[in-house]
Amino acid sequence: QVQFVESGGGLVQPGGSLRLSCAASGFIFSSYVMSWYRQAPGKERELVASITNAGPYRSYAESVKGRFTISRDNAKNTVYLQMNSLKSEDTAVYYCNARAPGASRVAFGSWGQGTQVTVSS
């Protein structure tokens, strides 16, 4: 059974930092591209950052480039998102998921509960 357990969210002031973690299980973690997504109230879920299984190579949404860093630990089946210089528009529920190399869609239909990030003074 595929599972994603996100953690590390919270309330932070603008300009602050948070580090999110996502523990994955039920599949061969090291064989998949891992990504972080976020969904703000009233908006569709959007892709924030991805990290490949080989290389690794990283990619980011333009809105977070230079502020967020994605990393992974294959030994722990965990993917991280370091978020710096947070802005109010980063407020959202953050999720992780996996996709096969070269695929555009997530590999698994299940999503975790997400972790809430709120940026506010």
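Above this note sits the structure.
Quick caveat, the model's predicted, so the values are computed rather than measured.

Peer 1: Just to check I follow, could you spell out the packing of aromatic side chains for this structure?
Peer 2: Two measures describe an aromatic ring pair: the distance that separates the ring centres and the angle between the ring planes. Overall, the coordinates contain seven aromatic pairs when judged by the stated rule. On the numbers, 4.8 Å between centres and 40° between planes, the contact of Phe27 with Phe108 is tilted. You can see Phe27 sitting in the loop between strand S3 (18–25) and strand S4 (33–39) and its partner Phe108 sitting in the loop between strand S9 (92–99) and strand S10 (115–119), a full 81 residues away along the chain. Across the pair, Phe108 and Phe27 agree in class, each one buried. Both rings, one in Tyr37 and one in Trp111, keep their centres 5.2 Å apart while their planes meet at 80°; by these two values the pair is edge-to-face. Of this pair, Tyr37 sits in strand S4 while Trp111 sits in the loop between S9 and S10, placing them 74 residues apart in sequence. Exposure remark for Tyr37: the relative accessible area of 11% places this residue in the buried category. Note on Trp111: relative accessible area 31%, which makes it partly exposed. Above the face of the Tyr80 ring, Arg19 is positioned so that its terminal group lies 4.0 Å from the ring centre.

Peer 1: How should the pairing of strand S5 (residues 46–51) be read in this particular structure?
Peer 2: Consecutive residues of a regular strand have side chains that alternate between opposite faces of the sheet. Here S4 pairs with S5 via five bridges, running antiparallel. Residue pairing in the sheet places Tyr37 in a bridge with Leu47 of S5. A loop of six residues connects S4 with S5, the two strands running antiparallel in sequence, and Gly42 in this loop sits at a positive phi of about 75°. One ladder, built from three bridges, connects S5 with strand S6 (residues 58–60); its direction is antiparallel. Across the sheet, the residue bridging to Ile51 is Arg58, located in S6. Between the end of S5 and the start of S6, which pair antiparallel, lie six residues, with Gly55 showing a positive phi angle near 115°.

Peer 1: Would you take a moment to explain the sheet that holds strand S1 (residues 3–7) for this structure?
Peer 2: Within a beta sheet, neighbouring strands are joined by backbone hydrogen bonds and run either parallel or antiparallel to one another. Strand order in this open sheet of four strands is S1-S3-S8-S7, and the pairing throughout is antiparallel. At either margin of the open sheet sits one strand with a lone partner, and together these are S1 and strand S7 (68–73). Each neighbouring strand pair of the sheet contributes to a mean axis angle of 15°, computed without reference to strand direction.

Peer 1: Explain the environment of Thr118 here, please?
Peer 2: Within the secondary structure, Thr118 sits in strand S10. Placed 34 residues apart in sequence, Thr118 and Asn84 show a C-alpha to C-alpha distance of 13 Å. Residue contacts for Thr118: discarding those within four places in its chain leaves Gly10, Leu11, Val12 and Thr91.

Procedures and definitions
Residues numbered from 1 in each chain as written. Predicted model: local features only at pLDDT ≥ 70, side-chain atom pairs only at ≥ 80, totals over all residues. Heavy atoms only, no water. Phe/Tyr/Trp six-rings, centres within 6.5 Å; stacked < 30°, edge-to-face > 60°. Helix = DSSP H or I, 4+ residues; strand = E, 2+ residues; numbered from the N terminus. Buried < 20%, exposed > 50% of the residue type's maximum accessible area, 1.4 Å probe, protein only. Lys NZ or Arg CZ within 6 Å of the ring centre and 35° of its normal. Pairing = 2+ DSSP bridges. Axes fitted to C-alpha atoms, helices over the stretch in contact; angles between N-to-C directions. Contact = heavy atoms within 4.5 Å.

Note that all results are geometric; they support no functional claim without further evidence.
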